[in-house]
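# Working through the structure, step by step
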Amino acid sequence: MARPSDRDPQPAASARLDRPPGAALVGPGLRPRAARRRPAGWQQRHSLVGLLTIAPALVLILALTLYPVAYSIWLSLLEKHSFFPQERFVGLENYRYLWGDPEFWTSLWYGVVYSFWTILFQIILGVAAALILNETFLGRNLVRGIVLFPYMIPTIVAVILWKWLLNDTYGVINYWLLALGIGREPISWLGADHIMLSLVLVSIWQFFPFVLLSILARLQTIPEELYEAAKVDGASPLRRFTHITLPQIRGILFVVILLRSIWMFTKFDTVWLMGEGAGAGRFIRTLPVYAYMRTLTYYQAGLGAALAVIMFAILVVCTVIYFGLFREEADIG
Amino acid sequence: MRRGALITCLAVILGMSASAWGGEKKVVRIWHTETEPQSVAAFQQIIQDFEKLHPDITVKQEALAWGDLEAKLTAALAAGAPPDASHGQAVTCASFYAKGLLRDQEDIAAAIGRDNIWEAVRRQCLHDGKYYGIPHSAATSLLIYRKDIFRQKGLKPPETWDDFIKVAEALMERDASGRVTRYGLSLPGVGLFINIAVGELTAANGGRLFDLRTGRPTFTEKQVIEVLDFYKKLNDTVLPPGWLGHGYLDTFANLATGKAAMLYQGYGRGAGYIEKYAPKEMANPEHFGVMVKPHGPSGKETAAQIDAEPWMIFKNAKYPEEAAEFLKFFFKEENYIKYLHTVPIHLLPTLKSVRANPAYQANAMVRKWKEWQDMQYRYFETGRAKPTLIVEWDDLRLPFGLEILGSGIVPDMVTDAVRGMPSAQAAAKAQARAEELITKLGYKRW
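We now turn to the structure provided with this report. (Residues numbered from 1 in each chain as written. Chains lettered and ligands numbered in written order. Predicted model: local features only at pLDDT ≥ 70, side-chain atom pairs only at ≥ 80, totals over all residues.)

## Brief notes about the overall build of chain B
The helix and strand tally for chain B stands at 21 helices and 14 strands. Over its C-alpha trace chain B gives a radius of gyration of 24 Å, about what one expects of a compact globule, namely 22 Å for 446 residues. Viewed in the frame of its principal axes, chain B has a C-alpha envelope of about 95 × 55 × 45 Å. Counting across all 446 residues of chain B, residues that qualify as buried make up 52%. (Helix = DSSP H or I, 4+ residues; strand = E, 2+ residues; numbered from the N terminus. Rg over C-alpha atoms; globule rule 2.2 N^0.38 Å. Buried ≥ 20, exposed ≤ 12 C-beta atoms within 10 Å, placed from the backbone.)

Dropping the structure here:
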């Protein structure tokens, strides 16, 4: 049986409008379009006008998306100083260099660890919070506003706030942990051993509201009758979640996971501000940070561009695989 | 009638637009690293006074964190939009000079008097006999310690690194359960500060970071490896476990609040922090003193780092000439003293005449924390203070200091060592990375 998306949409639309297939849509009092006679060049001119109309948008899209990508690829083939006008074509040398660069592999690993854990917990926390905030309770609107707070404040403010809270000398978190007798020594949250954990926690806090907002919007469109019918049939809350809620939100979940994966894998500001690339920050030197450092602290624009292209390629491959694995959700999403 | 009114309106609008275009001001962008509110306010006052004399110029200041400056500056250069003038490290100034990006400042030097520039800071950005940068002020790193506890314990000033560790251990304090309540030392783990410390520790250990003739890094030499060993010992004995995640201000918070007994990378501005954050009865030089930094096992003399960013003017910026005019105005004594007094113990005068000026001397903090100022003058006058990553003044002729500073290679070397890698191996790894970077930049000469 063909799935809805596999069908030709035209017959369905025709059926809905109760008119014979193939008939053009016309306004009242107008002759059917098929019956009109047009001069031979009219069709061509009409197409040209259409093309000219969309040309500005097309040029903008090409200029703002394709050109930077193409330029990055070109740059990655050069040995180029970041601000001094010296460049030399080196072909794939930058890629060959990165293949043998331990810093690259470490950065890739840090990036994968960071993305995986932040996305996992953003989804769990975001969906859980959305389910709670979809229920009716006193002060729900206020709580809905408050939970969006982390997503609304600027990253620099969020990171400074967390660095204060997590500081091992005067941070409130350590103060409470010690006061409650949890541990004997203050934990060096921003030191080499725990900085990745701290970064993951800060990022989950900062970005789960996006998941919450997206899922909550979808939850509000699920017909209440489905839940009522399930209740009448004696379905437990867990069964209602797995059999009604989850299938209903899987489309948006697909999109949210895709977007968050792209954003977390390329996340720069939070990561950079937490560690600034060196000292303990070395242990959260993810690929975007490493690309930034190669470009603007090592001043090797070619290598920086090669790193950016590799990130882009990784994301494209992962997105294609993701779409392949979740074809049905992709259609709904 | 209606048409007449319309024409009048149009004429007025056009006239206003024309006058706006005709009278467009030159906007001079100045970046600096004095972020404290009182410094920004004093700088703004100088700007306003300058603008009164030059109605066609608007000066816009931007105060940037010290550690962020080089990255932002080079990003702006890469984007083709540098500020007109900016602070920078001496190595930055040297790199930019080597790349032909800087306007010389001979006219500014002439305006303030070439001989009036303090000899100790003249070489910060002096290339081929010309000034390409004149420091906005002068300061050195300081070894700051809790003088009261030091005296209570009857300790002697350390002369060597081993002595220093013993003193730091003696200053540590534990509670009844054995938990450390005061660490012997606090160090910043930020990349820039590790670069600074490695430079001055190498100098204090009689070593070097680069071969002057070829420019080849010398990280695998004994003196540098001993620096890494010293870091390891500090890490294992007297530093807080999370020090690699501590910023510069964290270290002052640690000292002022009694969580640490010493700072190796303290600066004069710390006096202000101490006055602000330490208990009132303790916020004085009787409790927080400075002493001469010790030397390493292979060294014989102390060493400190010069914090005296030269002003740089970018010749490809929009208004370099106007920026030069502003800097001449900035260095006029009546303006300059206002600026120096915003952080009196840290911003020591670049101009000799100002040092002797009674208006400059008439400052309560300068009198109160004189010991701190004198220590800095001592480093300067004995020639034992050098800029970041510079062991010998001639190191400034190497054109890749900026790239080494920004790359994180030196901080990574220290991080590797304190995280357990044998010092020689960490040094060899850093050496290979630095050689590769210098080669890729096209500066290999060995």
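Here the narrative resumes, following the displayed structure.
## As for the sheet that holds strand S1 (residues 26-32) of chain B
All names here are of chain B. The five strands lie next to each other as S2-S1-S3-S13-S6, forming an open sheet whose pairing is mixed. Looking along the sheet, the strands with just one partner apiece sit at the ends: strand S2 (57-63) and strand S6 (134-135). Alignment of S6 against strand S13 (residues 310-313), held across two bridges, turns out to be antiparallel. Across the sheet, Ile134 pairs through a bridge with Trp311, a residue of S13. The sheet contacts of helix H13 (residues 320-330) involve S1, S2, strand S3 (85-86) and S13, and relative to S1 the element is tilted by about 60°. (Pairing = 2+ DSSP bridges. Contact = placed C-beta atoms within 7 Å. Axes fitted to C-alpha atoms, helices over the stretch in contact; angles between N-to-C directions.)

## What about unusual backbone geometry?
A positive phi is found at Asp128(B), a non-glycine position, where the angle reads about 50°. One can find Asp128(B) in the loop between strand S4 (126-127) and strand S5 (130-131).

## Things to note about the packing of helix H7 (residues 155-166) of chain A against helix H9 (residues 195-219) of chain A
Residues and elements named next belong to chain A. Taken N-terminus to C-terminus, the directions of H7 and H9 make an angle of 130°; their axes are 11 Å apart at the nearest point. The angle between H7 and H9 falls in the class oblique. Crossing handedness for the pair H7 and H9: right-handed. Contacts between H7 and H9 involve Ala158, Val159, Trp162 and Leu166 on the former and, on the latter, Ser198, Val202 and Gln206. (Parallel < 35°, antiparallel > 145°, perpendicular 65-115°, else oblique. Left-handed = near helix turned anticlockwise from the far one by under 90°.)

## Concerning the nonpolar core
By size, the foremost hydrophobic cluster in this structure holds 203 residues, and its most contacted members are Leu185(B), Leu228(B), Met262(B) and Met413(B). Counting residues per element, this core draws most heavily on H9(A), which supplies 12 residues. In this view, Leu228(B) contacts Met413(B), Val414(B), Ala417(B), Ser423(B), Ala426(B) and Ala427(B); residues no more than four positions away in its chain are not counted. (Core = buried A, V, L, I, M, F, W, Y, C linked by C-beta atoms within 7 Å.)

## So, the environment of Ala434(B)
Residues and elements named next belong to chain B. Its location among the elements puts Ala434 in helix H21 (residues 423-441). For Ala434, a count of 23 C-beta atoms within 10 Å translates into the label buried. Once the C-alpha coordinates of Ala434 and Ser407 are considered, the two residues, 27 residues apart in sequence, prove to be 8.8 Å apart. Apart from the residues lying within four places of it in its own chain, the contact partners of Ala434 are Pro217, Phe219, Ile404 and Ile409.

## Side note on the environment of Phe50(B)
Residue and element names in this part refer to chain B. Tracing the backbone shows Phe50 in helix H2 (residues 37-53). Its 22 C-beta neighbours within 10 Å are what place Phe50 among the buried residues. If we ignore the near neighbours within four places in the chain, the residues touching Phe50 are Val59, Phe326 and Phe329.

## Quick notes on the interface of chain A and chain B
The partner chain B presents 32 residues to the 27 residues of chain A that form the contact. Residues belonging to the side of chain A that touches chain B are distributed by class as follows: 12 nonpolar, nine polar and six charged. (Nonpolar A, V, L, I, M, F, W, Y, C, P; charged D, E, K, R; others polar.)

## A word on the sheet that holds strand S7 (residues 142-146) of chain B
All names here are of chain B. Taken together, three strands build an open sheet; the order of strands is S10-S7-S11 and the sheet is antiparallel. The open sheet has two free edges, formed respectively by strand S10 (262-266) and strand S11 (288-291), since each of these has just one partner strand. Adjacent strand axes in the sheet meet at a mean angle of 30°, parallel and antiparallel pairs treated alike. By the bridge criterion, four bridges tie S7 to S11 in an arrangement that is antiparallel. Residue Arg146 lies in a different strand from S11, and its bridge partner there is Phe288.

All we've got here are geometric facts, nothing functional implied.
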